[in-house]
Amino acid sequence: MIEHRRNDPWIPLLTVLWILGGPAPAIAQALAEDAAGDAPTAGSPSPDQRGLEIAREWERRDAGFGDWTAELTMTLRNRHGQESSREMRTRTLEVEEDGDKSLVIFDRPRDVQGTAFLTFSHATGSDDQWLYLPALKRVKRIATNNKSGPFMGSEFSYEDISSQEVEEYAYRYLGDEALEGVQTHVVEQVPVDRNSGYSKLLTWRDTEHLRTLKVYFYDRKGELLKTLTYEDYRRYLDRFWRADVMRMVNHQTGKSTDLEWRGYEFQSGLTDRDFDRNSLKRVR
C-alpha cells in the first residue's frame, strides 16, 4: 500500500493510479513528462487546457434542454446493509448565463412528506439553497459553509445536489482509461469555492458522448471519501443523456445511497415562477 504524505504533491495522483490497479499508459506518460519538466508539444493543449476543453464540450452538448422533470426513489443503506427508502420528485430549469434552478419534493415516507429543497446554482460564487421543513412550517436557508453536510441523511451532500457548473472547478486532463470496456477521459477537478467539502474530484467520461460514468470524491485531507457511479443511460429528444441509476458509496463510513430515476419529461414549459422560494410552502 502506498504511504500517504500530505505534503507530497504526487500523492493524490499516485493514489488514484494505485486504485485503478496501476497507471494507464497515457497517464503514466503524462506523469513521466511532468516529472521531467517537459512542456506540451507545440500547438497541443496543456493538460489544464485539455481538461477544460472536455468540460466545455460536455456543457455544450447538454445545453438547450430548457427544463426537465422526473421521479426517483432514494435508497439509503447503512454499513450493516439495512435499508430505508424515500420517494421524491424533481424538476430543473435551465438558466442562461448562470447555473440551473432545481427543486426536489419528498412524497414518502410520511415523516418527510412535503419537505422541499430548492437550489439556485451559480456559475460563479456560492449556490443559494433553501429547505422547507413542514414539521416546523418554515423555510431554512442552507449556509454556504454547510454545503458539505448530508442531504436528508443520504451520502449525497448539498453540494452534490446542485447542478455542476463548469466555472466551479479548475481542470487537469490525466489521460484516457478503459473503464469496463468503455474508453474514457480521466479529468481531475479542483473546486474553486473554498467552502467545498472536497479537495478534488476525479471524473471518468466516455469519449464518445462525454457521459459521466464514475466520480471519485476526495475529502479536504486528500483522502478518498466517496465513489459515485452512473448506470443505464438513456437518450431523450435524440440528444440529452440521463442515467437511470446513480450509486454513491462512502468508503469512510461504509454507508451508501442509490438514486433510481424514472419518468423523465423534457420541455414541459416550467418557468421561474415554478422555482420561487416563497412558494416552497405551497409545493404539492
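Everything that follows concerns the structure shown earlier in this document.
Participant: Honestly, the pairing of strand β5 (residues 128-133) in this entry has me stumped. Any pointers?
Facilitator: Looking down a regular strand, the side chains alternate between one sheet face and the other. Of all six residues making up β5, five are buried, and the element is well covered by its neighbours. Where strand β4 (residues 116-120) meets β5, five bridges bridge the pair, whose relative direction is antiparallel. Bridging across to β5, A116 finds its partner in Y132. When β5 meets strand β6 (residues 138-141), the two strands line up antiparallel, connected through four bridges.

Participant: Help me understand the packing of aromatic side chains in this model?
Facilitator: In this structure the tally under the stated criterion is 17 aromatic pairs. Look at F240 and F266: their rings are 5.8 Å apart centre to centre, the planes differ by 10 degrees, and that puts the pair in the stacked class. With F240 in strand β12 (residues 240-250) and F266 in strand β13 (residues 256-266), this residue pair connects regions lying 26 residues apart in the sequence. For the pair shown, F240 and F266 are each scored as buried. Through successive ring pairs, a cluster of aromatic residues spans F65, W68, Y236, F240, W261, Y264 and F266. The lysine or arginine in question, R205, covers the ring of W58, its NZ or CZ lying 4.5 Å from the ring centre. The ring centre of F65 lies 5.6 Å from the NZ or CZ of R242, which sits over that ring.

Participant: So what exactly am I meant to see when it comes to the nonpolar core here?
Facilitator: The nonpolar side chains of soluble globular proteins are, as a tendency, buried together. One finds F151 and W261 to be the most contacted residues of the largest nonpolar core, which totals 38 residues. Those elements that provide at least two residues to this core are α3 (47-62), β1 (67-77), β3 (101-108), β7 (169-179), β10 (212-218), β11 (224-236), β12 and β13. Take this core: its biggest share by element is five residues, from β1. When sequence neighbours within four positions are dropped, the list of residues in contact with F151 reads M74, M88, V104, F106, F117, F156, S157, Y158 and I161.

Participant: It is not clear to me how the side chain of T73 should be interpreted in this structure. Could you clarify?
Facilitator: With respect to the helices and strands, the residue T73 is situated in strand β1. In this structure T73 comes out as buried when scored by relative accessible area, which is 15%. For T73, the side chain forms a polar contact with the side chain of E87, separated by 3.0 Å. T73 has contacts with S85, R86, E87, D258, L259, E260 and R262, leaving out every residue within four places of it along the chain.

Thresholds, definitions, all that
Residues numbered from 1 in each chain as written. Predicted model: local features only at pLDDT ≥ 70, side-chain atom pairs only at ≥ 80, totals over all residues. Heavy atoms only, no water. Buried < 20%, exposed > 50% of the residue type's maximum accessible area, 1.4 Å probe, protein only. Helix = DSSP H or I, 4+ residues; strand = E, 2+ residues; numbered from the N terminus. Pairing = 2+ DSSP bridges. Phe/Tyr/Trp six-rings, centres within 6.5 Å; stacked < 30°, edge-to-face > 60°. Lys NZ or Arg CZ within 6 Å of the ring centre and 35° of its normal. Core = buried A, V, L, I, M, F, W, Y, C linked by side-chain atoms within 4.5 Å. Contact = heavy atoms within 4.5 Å. Polar contact = N/O pair within 3.5 Å; in protein donor to acceptor, adjacent residues only side chain to side chain.

Read these as layout, nothing more, since geometry by itself doesn't imply function.
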